[in-house]
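A closer look at the structure
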Amino acid sequence: MTKFFIDQHGCAKNQVDGEILISHLEKAGYVQVSDVELADVIIVNSCGFIESAKKESLNSVYSYKEEFPEKKILLAGCLAERYADLFKTELPEVDGIFGNGDLSLVTQAVENLKGKTKSVIRPEQKGISCATRKSFMNFKNSAYVKITEGCSNHCTFCAIPLIRGEVRSRKASDIIKEIKALLKKGVFEINLIGQDLAAYGTGVSDKVLSDDGNGKSYLAQLLQMISELEGKFWIRLLYIHPDHFNADILEVMKADPRILPYFDIPFQSGDEQIIKAMNRKGPPSKYAKVISTIRSSFESSSIRTTFLTGFPGETDEQAANTLAFLKKIKSDWSGCFTYSREDDTPAYKMKGRVSKKVSQARADILQATQEELTAKSLKARIGKEYDVLIEEVIPGEDGLAIGRAWFQAPEVDGAVVVHYENDEKDQVKAVVPGAVVRVKATAVAGVDIDSYYIGK
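Residues numbered from 1 in each chain as written. Predicted model: local features only at pLDDT ≥ 70, side-chain atom pairs only at ≥ 80, totals over all residues. Heavy atoms only, no water.

Moving on: the overall build of the chain. When helices and strands are tallied, the chain shows 14 helices and 19 strands. Against the 2.2 N^0.38 benchmark of 23 Å for 456 residues, the chain shows a C-alpha radius of gyration of 23 Å, consistent with a compact globule. Summarising its shape, the C-alpha atoms of the chain cover approximately 65 × 60 × 50 Å along the three principal directions. Within the chain, the proportion of its 456 residues that are buried is 56%. As displayed, the chain offers around 20,600 Å² of accessible surface, 50% of which is attributable to carbon and sulfur atoms. With 60 positive and 63 negative side-chain charges, the chain shows a spacing of 4 Å between the two charge centroids. (Helix = DSSP H or I, 4+ residues; strand = E, 2+ residues; numbered from the N terminus. Rg over C-alpha atoms; globule rule 2.2 N^0.38 Å. Buried < 20%, exposed > 50% of the residue type's maximum accessible area, 1.4 Å probe, protein only. Areas by Shrake-Rupley, 256 points an atom, 1.4 Å probe, with all protein chains shown as cover. Lys, Arg positive; Asp, Glu negative; His and termini not counted. Charge placed at Lys NZ, Arg CZ, Asp CG, Glu CD.)

Below is the structure:
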């Protein structure tokens, strides 16, 4: 009975892959353990997106080999997919390499670890690997559902098309079937993910989705199908490319409050020349119009975005344009990354490289500005009531729990701190991980909100 431990890295899409790997292995009779010391096989489900993520994954490999030289190590995930040929000879610390194509072949990859030679399995990038997941790596009653794989936008800085191939979509009927199964298990929050949800429908042959769809985009059609499901739940959309924003989804979302008005739209820059150099269309004025359209459609919405500083050729003036753009759109949340020079991407050979010091300084300015914007956004929510999905109950005499409201996505945004009466049995029974409780927001604490419990 082979025992395996999985060390998870990277984004939510890679997390879903990790959960699928677990399902395939357990179905084949392998046993997952939470203590690495008990494992026969260590699977590092790696990230290969940017340099810092690659180093983090490789450092995990080095550490495991040093601490557990007798255990077998399988390098899986995006880093394995991207550098399989190189690692076959240049990474002696791993005993096998497994890409992220057909994930059902992971059982073969683990079996091959018993051999004397290093096994490399790098399945073709086609379709979308799925499986009935029994194990979830996020907090109770929250799950990610992948609706697209790969990306065809080919931003000049991004290696995703090299790692995961061109965009393709899951059948709507399969997505609905999975969502139904999750709801039956008690999952409350379902986060739809893909590199670009706006591209949903590309490469899918499903009679449930109509080519004309009464003029609606495939994504709007999918959301309409989800809206027809019964029950209390949250649907959150993560990652919509601004050049392809599906404005028709707004009407579907307005008609069903269970589809949260939370929008994750990575703009990357607020300068027209840099946007074009990134192989994006823009211009910034059009991107700003997307935000104003969203905000005019809802009484309350939540906007998250991402910026990239230090792109080749970025000047001080262009960086200032991005800062001005951020101040204009007043996003509720944003992340900022410094440019990572990635092999085989068009930007790799571009001239005008910006120093890491300058790139980081620009990122720091954006983040400081975002902190001010976030604080103002959160203050506007004080005094209002919200449903909160409880993630964790803090042990102690005082009743204290951590959760999230609809305007906070898993892992990346702030939290809601819930205060409740620890000597009230009904409240103690109600405030448990995975439960949804009603709270009233009372104060802002950094990127978090303080609240008190008012009911279930």
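By the definition in use, this model includes 11 aromatic pairs. Measuring from ring centre to ring centre gives 5.2 Å for F267 and Y287, while their planes differ by 35 degrees; the resulting arrangement is tilted. Separated by 20 residues along the polypeptide, F267 in the loop between strand 12 (259-264) and helix 10 (272-277) and Y287 in helix 11 (residues 284-297) bring together distant segments of the chain. Here F267 falls in the buried class, since its relative accessible area comes to 0%. (Phe/Tyr/Trp six-rings, centres within 6.5 Å; stacked < 30°, edge-to-face > 60°.)

Counting 51 residues, the largest nonpolar core has L192, I226, I249 and F263 as the members making the most contacts within it. In this view, I226 contacts I176, I179, L192, F233, I235 and R258; residues no more than four positions away in its chain are not counted. Ranked by size, the runner-up nonpolar core spans 49 residues in total, among them V41, F98, F188 and I193. (Core = buried A, V, L, I, M, F, W, Y, C linked by side-chain atoms within 4.5 Å. Contact = heavy atoms within 4.5 Å.)

Take helix 13 (residues 356-379) next. Between its first and last C-alpha, helix 13 extends 34 Å over 24 residues, near the 34 Å set by a 1.5 Å rise per residue. Restricting attention to buried positions, one finds in helix 13 the residues S359, R362, A363, L366, T369, Q370, L373, T374, S377 and L378. On its buried face, helix 13 sits against strand 13 (302-309), helix 12 (316-329), strand 14 (333-338), strand 18 (436-445) and strand 19 (448-455). (Expected span 1.5 Å × (residues − 1).)

Below, the discussion takes up the pattern of salt bridges. Under the criterion given, the structure shown has 27 salt bridges. A salt bridge links R295 to D332, with the nearest nitrogen and oxygen atoms 3.9 Å apart. Of the two residues, R295 is situated in helix 11 and D332 in the loop between helix 12 and strand 14; the sequence distance between them amounts to 37 residues. A salt bridge links R362 to D316; its shortest N-O distance comes to 2.7 Å. Note that R362 is positioned in helix 13 and D316 in helix 12, a separation of 46 residues in sequence. According to the relative accessible area criterion, R362 is buried, its value standing at 11%. (Salt bridge = Lys/Arg side-chain N within 4 Å of Asp/Glu carboxyl O.)

The side chains of a regular strand alternate, first on one face of the sheet and then on the other. Of all the five residues making up strand 7 (residues 142-146), five are buried; the element is thus mostly covered by neighbouring parts of the structure. Covered by surrounding structure in strand 7 are S142, Y144 and K146 together with A143 and V145, the residues of both alternating faces. By the bridge criterion, five bridges tie strand 7 to strand 10 (residues 189-193) in an arrangement that is parallel. Paired with A143 across the two strands is I190, which belongs to strand 10. (Pairing = 2+ DSSP bridges.)

This part is about the sheet that holds strand 13. Pairing between sheet strands relies on hydrogen bonds along the backbone, with the strands arranged either parallel or antiparallel. Taken in spatial order, the six strands of this open sheet run 7-10-11-12-13-14, and their pairing is parallel. This sheet does not close on itself; its edge strands, each paired only once, are strand 7 and strand 14. On average, each strand axis in the sheet is inclined to that of its neighbour by 20 degrees, with strand direction left out of account. With two bridges joining them, strand 11 (residues 234-237) and strand 12 adopt parallel strand pairing. Bridge pairing in strand 12 places L237 opposite F263. Contacts from helix 1 (residues 12-27) reach strand 7 and strand 10, with the element oriented near 95 degrees to strand 7. (Axes fitted to C-alpha atoms, helices over the stretch in contact; angles between N-to-C directions.)

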